[in-house]
Amino acid sequence: MVKILNGMFYFLKFVLLLAAFGTSLYVLIAMYQRLEKDMINLIYVFIPYIVILVLFIINMFFRQTGVTKNVFYNITCCLVFFTIAFLALRSVFDVNMIYRWKNTYHINFNFYSDVLTFINVMIYGLCIANVFLMFSESSFKLNKKKENNKGSTLKKEKPVAVQLDDEETL
Amino acid sequence: MIKLLKEYLKVIGYTFTGLVFGASFFLLFINFYHYKDISTKLVKADSSIQKLQTVNEKLTEIKGTVSSFNPNLYNGPKERVMLMTINSRMQLCVKAFENEDLNKMLNKKEMTITDVYRLQNLYQSQIVNGCIVTQLYELGLTGENAKFHDEDLAKIAPFIKLNADSIREDNDYVSKVLLNNGSFFFSSENSKTNIYEMTRDSYAEVSSSYYKSIDLLLEISRWFKGIVGGA
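Residues numbered from 1 in each chain as written. Chains lettered and ligands numbered in written order. Predicted model: local features only at pLDDT ≥ 70, side-chain atom pairs only at ≥ 80, totals over all residues.

On to helix 1 (residues 2-35) of chain A, then. For helix 1 of chain A, built from 34 residues, the straight-helix expectation of 50 Å at 1.5 Å per residue is met to within 8% by its first-to-last C-alpha distance of 47 Å. Note on helix 1 of chain A: the residue one or two positions beyond its end, E36 of chain A, has a positive phi of about 55 degrees. (Helix = DSSP H or I, 4+ residues; strand = E, 2+ residues; numbered from the N terminus. Expected span 1.5 Å × (residues − 1).)

As a further point, take the environment of D115 of chain B. All names here are of chain B. Within the secondary structure layout, D115 lies in helix 5 (residues 113-136). Sequence spacing of D115 and T199 is 84 residues, and the spatial spacing of their C-alpha atoms is 9.1 Å. Contact partners of D115, with chain neighbours within four places excluded, come to M105 and K108. (Contact = placed C-beta atoms within 7 Å.)

As a further point, take the packing of helix 1 of chain A against helix 5 (residues 71-93) of chain A. All names here are of chain A. The N-to-C vectors of helix 1 and helix 5 enclose an angle of 30 degrees; their axes lie 8 Å apart at closest approach. When the interaxial angle is binned, helix 1 and helix 5 end up roughly parallel. Here helix 1 runs over helix 5; the crossing is left-handed. Tallied by class, the residues present in the contact of helix 1 with helix 5 amount to 21 nonpolar, five polar and one charged. (Axes fitted to C-alpha atoms, helices over the stretch in contact; angles between N-to-C directions. Parallel < 35°, antiparallel > 145°, perpendicular 65-115°, else oblique. Left-handed = near helix turned anticlockwise from the far one by under 90°. Nonpolar A, V, L, I, M, F, W, Y, C, P; charged D, E, K, R; others polar.)

To continue, consider the interface of chain A and chain B. Each partner contributes to the interface: chain A provides 32 residues, whereas chain B provides 28 residues. Looking at the side of chain A that touches chain B, the elements that each hand over two or more residues are helix 5 and helix 6 (109-169) of chain A. Grouping the constituent residues of the side of chain A that touches chain B by class yields 21 nonpolar, nine polar and two charged.

Take unusual backbone geometry next. Residue and element names in this part refer to chain A. Backbone geometry places E36, a non-glycine residue, at a positive phi of 55 degrees. Here E36 shows up in the loop between helix 1 and helix 2 (42-45). By C-beta crowding, E36 is classed as exposed, having 6 other C-beta atoms within 10 Å. Positive phi, close to 45 degrees, is recorded for R63, a residue that is not glycine. (Buried ≥ 20, exposed ≤ 12 C-beta atoms within 10 Å, placed from the backbone.)

This brings us to the nonpolar core. If you look at the biggest cluster of nonpolar residues, it comprises 76 residues, and the most contacted ones within it are V80 of chain A together with L136 of chain B. Beyond its immediate chain neighbours, meaning those up to four positions away, V80 of chain A contacts M122, I123 and L126 of chain A together with V20 and S24 of chain B. (Core = buried A, V, L, I, M, F, W, Y, C linked by C-beta atoms within 7 Å.)

Turning next to the confidence of the model for chain B. In this model, chain B carries a mean pLDDT of 85, and residues with pLDDT of at least 70 account for 94%. In the model output, the complex is listed with pTM 0.77 alongside ipTM 0.79. (pLDDT = per-residue confidence, 0-100.)

What follows is the structure in structure tokens.
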């Protein structure tokens, strides 16, 4: 069950990342057009998205199970990307925010720029968590190997104990 | 040692994930609440709807005065050109008051904050700019600035100027106040009440200014009727 859930959220996080990126791009392009800013500067705003995408690719290619099979991390990613898409969509479609009507684009840039810091903080938070979980994952493999070794020695000792019991009973 | 360090890395990793989870959850739900808060509807009282009906009666009276005036039949001492100008100005004002969008907005039983904002904008462009400032304000000028030099008009000119000035300045701040509804931090009962009060007060301000405008036009039309008599 957990495996199916994890697989679902793992796939969903890529879809939602794309949705969050797309909606944010739409709002920010309109915002930069309105402010007559150079579009090349948009790259700086999207650095967190690029960083998280690179980390996801590393996770995928190096099969880092500490991240890819971490249900909590995947759910958090889904929630963050859903929130980002929701905030971008709200700045476009929430007709009850008056600032929306103040410009010809009908996008509430004021609201979006308010939440932009939150968005960056959340994505960088995911990046940091990803790196920590990435390094903690390798320890599991080491532990498993050691446990396996210990397990094998115990298995060897078991017959001895049985033998001792046998001796006592004798 | 390495094992312990890696366990710590795991704990820190989970801590960051948890913090991000909390922040995201907070931001998402506060936005849901804020969305609900600002879409609160103001249900108009029956008395305010009845008051709107009196506007139609006043408008009918003004229309009667405007349409009954025939410059060819007028034989009084006043300048015909002046009377025709005032009459046509009143006609334009009646058209402004009959604006379909404005009336549709005014006759709504329930109003959101956006409706109030749109109403304020329509009122500003149609009534304040289209009637009060461009048509009636000049009737209130006296002395060197006066457009029409007439003794009778000079008597009511201070009244027209005072009212026109008051109407002009009435709802300037309303649109500025309404703009604040998109800014928020914590959604609480207090902020919810503030948004609702903002909607209610702004609507009251715009509608009272609207009534003031129709009353001013009615007073001018009555004065005009008294001047031209049965012509």
